[in-house]
Amino acid sequence: EGLIGPETLLRFGPVTGADFVPAAELELYRSIEDSRRTRFERSFSLQRTPYATLSFAVMLLLAFLWQLQQGGDFAAGGLVDQGAKSMAHQRELGEWWRLVTGSMLHSGWTHLIFNLLFLVYVGRNVEALIGPGGMALLVAIGGPGSMAVSSWATDVPTVGASGITFAFFGAAVALGWRFSTWMPR
């Protein structure tokens, strides 16, 4: 395989002389073995199941099924009744929880399906890099954060996980840029 394990006996004249020593005793080996890049490459795997990404996709699907159970009213008024982001409700009634619930609701099947496809495709790659805890943090910040920006930008009721998917995309771009030379090809 071309890999040298810590127990492999090596002889490198300028360092070890005529003696064979375990690789782990060589400073060069230890610096390579314990480098940030080596740890990154060992932790990165697209073979792992992206539990956080799939859990969030299931949560979105369950929220949509709940919407259908509530009558499936996807007009603005119906969405506001279900918990859509509504600046009037936030300001006048103090319903700031809508910054969270608005990200879980969708305005129809097409909206949900495209968000789920993007979420799973990009999310599994990002989760391979930052793990399930990082994904939970992206959801916790991206959802309410995008709804807060939407509240500032418009009074129109808003729903959808698009803000979260854009948080995933932003993380993918930033991580790809940061680790581009380290990514497995």
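What you see is a predicted model, and the numbers here were worked out from it, not measured in a lab. (Residues numbered from 1 in each chain as written. Predicted model: local features only at pLDDT ≥ 70, side-chain atom pairs only at ≥ 80, totals over all residues. Heavy atoms only, no water.)

Participant: Just give me the short version of the packing of aromatic side chains, but keep the residues and values in it.
Facilitator: Within the structure shown, the criterion is met by three aromatic pairs. Here the aromatic rings of phenylalanine 64 and phenylalanine 74 are separated by 5.5 Å at their centres, their planes lie at 5°, and the arrangement is stacked. Residue phenylalanine 64 is located in helix α4 (residues 51-69), and its partner phenylalanine 74 is located in the loop between α4 and α5 (76-82); the two are separated by 10 residues in the primary sequence. Its relative accessible area of 25% is what places phenylalanine 74 among the partly exposed residues. Arranged with centres 4.6 Å apart and planes meeting at 65°, the rings of phenylalanine 64 and tryptophan 109 form a pair that is edge-to-face. Of this pair, phenylalanine 64 sits in helix α4 while tryptophan 109 sits in helix α8 (residues 109-153); the two residues are 45 residues apart in sequence, bridging distant segments of the chain. (Phe/Tyr/Trp six-rings, centres within 6.5 Å; stacked < 30°, edge-to-face > 60°. Helix = DSSP H or I, 4+ residues; strand = E, 2+ residues; numbered from the N terminus. Buried < 20%, exposed > 50% of the residue type's maximum accessible area, 1.4 Å probe, protein only.)

Participant: Tell me what's going on with the confidence of the model for the protein, and back it up with residues and numbers.
Facilitator: Detailed reading of the predicted coordinates is not advisable wherever pLDDT falls low. For the protein, mean pLDDT is 88; residues scoring 70 or higher make up 96% of the total. Highest mean pLDDT in the protein belongs to α4 (96); lowest belongs to helix α3 (residues 36-43) (71). (pLDDT = per-residue confidence, 0-100.)

Participant: Could you give an account of the environment of leucine 129, naming the residues involved and the relevant values?
Facilitator: Turning to its location among the elements, leucine 129 is positioned in helix α8. In this structure, the C-alpha to C-alpha distance between leucine 129 and phenylalanine 40, residues 89 residues apart in sequence, is 8.3 Å.

Participant: Explain the environment of proline 144 to me, using residue names and the numbers behind them.
Facilitator: With respect to the element layout, proline 144 can be found in helix α8. For the pair proline 144 and lysine 85, spaced 59 residues apart in sequence, the C-alpha to C-alpha distance is 9.8 Å. Ignoring sequence-local partners within four residues, the contact set of proline 144 consists of Leu99, Val100, Ser103 and Val139. (Contact = heavy atoms within 4.5 Å.)

Participant: I'd like a rundown of the packing of α8 against helix α9 (residues 162-178), residues and numbers included.
Facilitator: Packing of α8 against α9 leaves a shortest axis separation of 6 Å and a crossing angle of 60°. Comparing the axis directions of α8 and α9 gives the class oblique. The two elements α8 and α9 cross, and the hand of that crossing is left-handed. Considering only residue class, the contact of α8 with α9 consists of 16 nonpolar, nine polar and no charged. (Axes fitted to C-alpha atoms, helices over the stretch in contact; angles between N-to-C directions. Parallel < 35°, antiparallel > 145°, perpendicular 65-115°, else oblique. Left-handed = near helix turned anticlockwise from the far one by under 90°. Nonpolar A, V, L, I, M, F, W, Y, C, P; charged D, E, K, R; others polar.)

Participant: Can you break down the packing of α4 against α8 residue by residue, with the values?
Facilitator: Interhelical geometry of α4 versus α8 gives an angle of 145° and a closest axis separation of 6 Å. Both α4 and α8 take part in a crossing whose hand is right-handed. Side by side, α4 and α8 meet where Tyr51, Ala52, Thr53, Phe56, Ala57, Leu60, Leu61, Phe64 and Leu68 of the first sit next to Trp109, Leu112, Leu116, Leu119, Val120, Gly123, Arg124, Glu127, Pro132, Met135 and Val139 of the second. When grouped by side-chain class, the residues that make up the contact of α4 with α8 number 16 nonpolar, two polar and two charged.

Participant: Outline the nonpolar core, supporting the account with residue identities and numerical values.
Facilitator: The biggest cluster of nonpolar side chains holds 24 residues, and the ones touching the most others in it are Phe56, Leu60, Leu116, Leu119, Val126, Leu138 and Phe168. Secondary structure elements with two or more residues in this core: α4, α8 and α9. With eight residues, α8 is the single largest residue contributor to this core. If we ignore the near neighbours within four places in the chain, the residues touching leucine 119 are Thr53, Phe56, Ala57, Leu60, Arg124, Thr165 and Phe168. (Core = buried A, V, L, I, M, F, W, Y, C linked by side-chain atoms within 4.5 Å.)

Participant: Report on the pattern of salt bridges, specifying residues and quantitative values.
Facilitator: Taken as a whole and judged by the stated rule, the model has two salt bridges. The salt bridge partner of aspartate 155 is arginine 91, with a shortest N-O separation of 3.2 Å. A residue pair is termed long-range when its members are at least 10 positions apart, and aspartate 155 in the loop between α8 and α9 and arginine 91 in helix α6 (residues 87-93) qualify at 64 residues. Taken as a pair, aspartate 155 and arginine 91 share a single burial class, namely exposed. Ionic pairing is found between arginine 98 and glutamate 95, a salt bridge with its closest N-O pair at 2.7 Å. (Salt bridge = Lys/Arg side-chain N within 4 Å of Asp/Glu carboxyl O.)

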